[in-house]
Amino acid sequence: MDMGRSTTPLAWVDGGAAGPEGPPMPLTYSIVDAFTDTPFGGNPAAVLVVEAALPEALMQRIAAENNLSETAFVQRQGDDYRLRWFTPTVEVELCGHATLASAFVLRHLGHPAPYRFETLSGTLGASLDGERIVLDFPARPTLTVAPTPDGIAAALGGEPDEVHQVLDWLCVYRSPEVIAGLKPDFQRVAALPGGAVIVTAPGGPDGADITSRYFAPGYGIDEDPATGSAHTQLVPFWAARLNKASLRCHQASARGGTLWCTLRDDRVEIAGHAVLFATGTINVS
């Protein structure tokens, strides 16, 4: 199934308003596989579209119960939307796959594109390009060639050829095969400064320009399957190295993910497919 041919009606998912006595129950949600056109691929995210804000503690508990890498909460605010993302343990400032999943759900609820999301990372955009959703995110250029943190080779299962520091550690290896073969020790990765590491190499399957994996045990996610926010760091780095602004990117997790990315000045366009996996009801009191 692809995002243009969903056979599951989503009209009933829009809801979950919070009244003066708190949110009426039940709440409804969708689970969407992002950055894939095949069910069980890409990165799953739960999306709740609500009419009024839920208590922060409730959102965190829902995300913990879902136990997905991200749960997104979308609230209409005039012509725009308020968007927040929660891992099972913390709220995060930027999430690509759950933003793509949110746009997917809004599209199928009949909300017209393009979408503007107000987030902790500022205003983010999402538009449609045929069957793909295109995200407009801030670019995160490489800050420095950083000293290699103590223990990073043992943590990742292989000595990187280069270590850079952006928002996360960015470790460069010589080939996609090395990236695929890394067997990280997640307890050691979590103990590194920041608790999150991107590993990457040039090339990849099916003509990919770059390959990556993303380990974030410090955020409650051992390995994220397909990570838009990591590509706000990867794309400026590789665009300069490869001398090309548009990159096809492969994320070599067990589920896999494909992202089409373009660097435009200080922004990164991140495009991908999405498929609906499930809809359901959350019952809380």
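Our structure's up above, just so we're on the same page.
What this report covers is the structure whose coordinates are included nearby. For clarity, every value in this text was computed on a predicted model and none was experimentally measured.

1. Overview of the overall build of the protein chain
So, point 1. The helix and strand inventory of the protein chain stands at 6 helices and 18 strands.
So, point 2. Each principal axis of the C-alpha distribution contributes one length, and for the protein chain these read about 55 × 40 × 30 Å.
So, point 3. Within the protein chain, the fraction of its 285 residues that count as buried is 55%.
So, point 4. Nonlocal contacts in the protein chain, meaning residues at least 24 apart in sequence, comprise 64% of its contacts between residues at least 6 apart.
So, point 5. Summing over all exposed atoms, the protein chain offers an accessible surface of approximately 11,900 Å²; the carbon and sulfur share of this is 49%.
So, point 6. Each charge class in the protein chain can be summarised by its mean position, and for the 19 positive and 32 negative side chains these summaries are 3 Å apart.

2. Brief notes about the environment of Ala45
So, point 1. Structurally, Ala45 is set in strand β2 (residues 43-50).
So, point 2. Between the C-alpha atom of Ala45 and that of Trp260, which follows or precedes it by 215 residues, the distance is 19 Å.
So, point 3. With sequence-adjacent residues up to four places away left out, Ala45 is seen in contact with Ser30, Ile31, Val32, Leu68, Glu70, His97, Ala98 and Ala101.

3. Side note on unusual backbone geometry
Generally, phi is negative for residues other than glycine and the peptide bonds are trans, each holding for most cases.
So, point 1. That bond from Ala113 to Pro114 is cis: its omega, 0°, falls within 30 degrees of zero.
So, point 2. Within the secondary structure layout, Pro114 lies in the loop between α2 (96-108) and β6 (115-119).
So, point 3. Non-glycine residue Asn67 carries a positive phi angle of around 60°.
So, point 4. Relative to the assigned elements, Asn67 resides in the loop between α1 (56-66) and β3 (70-77).
So, point 5. When its relative accessible area of 57% is taken as the criterion, Asn67 is described as exposed.
So, point 6. Of note in the backbone geometry, Asn243 takes a positive phi value of approximately 55° without being a glycine.

4. Details of the pairing of strand β13 (residues 210-216)
On a regular strand, one side chain projects to one face of the sheet and the next to the other, so that they alternate.
So, point 1. The buried fraction of β13 is high, at 7 of 7 residues.
So, point 2. Judged by which residues are buried, β13 turns out to be covered on both faces: Ile210, Ser212, Tyr214 and Ala216 on one side and Thr211, Arg213 and Phe215 on the other are all buried.
So, point 3. Where strand β12 (residues 197-202) and β13 come together, 6 bridges link them in antiparallel fashion. Following the sheet pairing, Val197 is matched in β13 by Phe215.
So, point 4. Direction of pairing for β13 relative to strand β15 (residues 246-251): parallel, over a ladder of 3 bridges.

5. Notes on the nonpolar core
So, point 1. Counting 53 residues, the largest nonpolar core has Phe35, Val74, Trp85, Phe117, Leu135 and Ile270 as its most contacted members.
So, point 2. Ranked by residue count, the leading element in this core is α2, at 7 residues.
So, point 3. Beyond its immediate stretch of four places on either side in the chain, Val74 contacts Val47, Leu48, Val49, Val50, Tyr81, Arg82, Leu83, Ser102, Leu106 and Phe117.

About the thresholds
- Residues numbered from 1 in each chain as written.
- Predicted model: local features only at pLDDT ≥ 70, side-chain atom pairs only at ≥ 80, totals over all residues.
- Heavy atoms only, no water.
- Helix = DSSP H or I, 4+ residues; strand = E, 2+ residues; numbered from the N terminus.
- Buried < 20%, exposed > 50% of the residue type's maximum accessible area, 1.4 Å probe, protein only.
- Contact = heavy atoms within 4.5 Å.
- Areas by Shrake-Rupley, 256 points an atom, 1.4 Å probe, with all protein chains shown as cover.
- Lys, Arg positive; Asp, Glu negative; His and termini not counted.
- Charge placed at Lys NZ, Arg CZ, Asp CG, Glu CD.
- Pairing = 2+ DSSP bridges.
- Core = buried A, V, L, I, M, F, W, Y, C linked by side-chain atoms within 4.5 Å.

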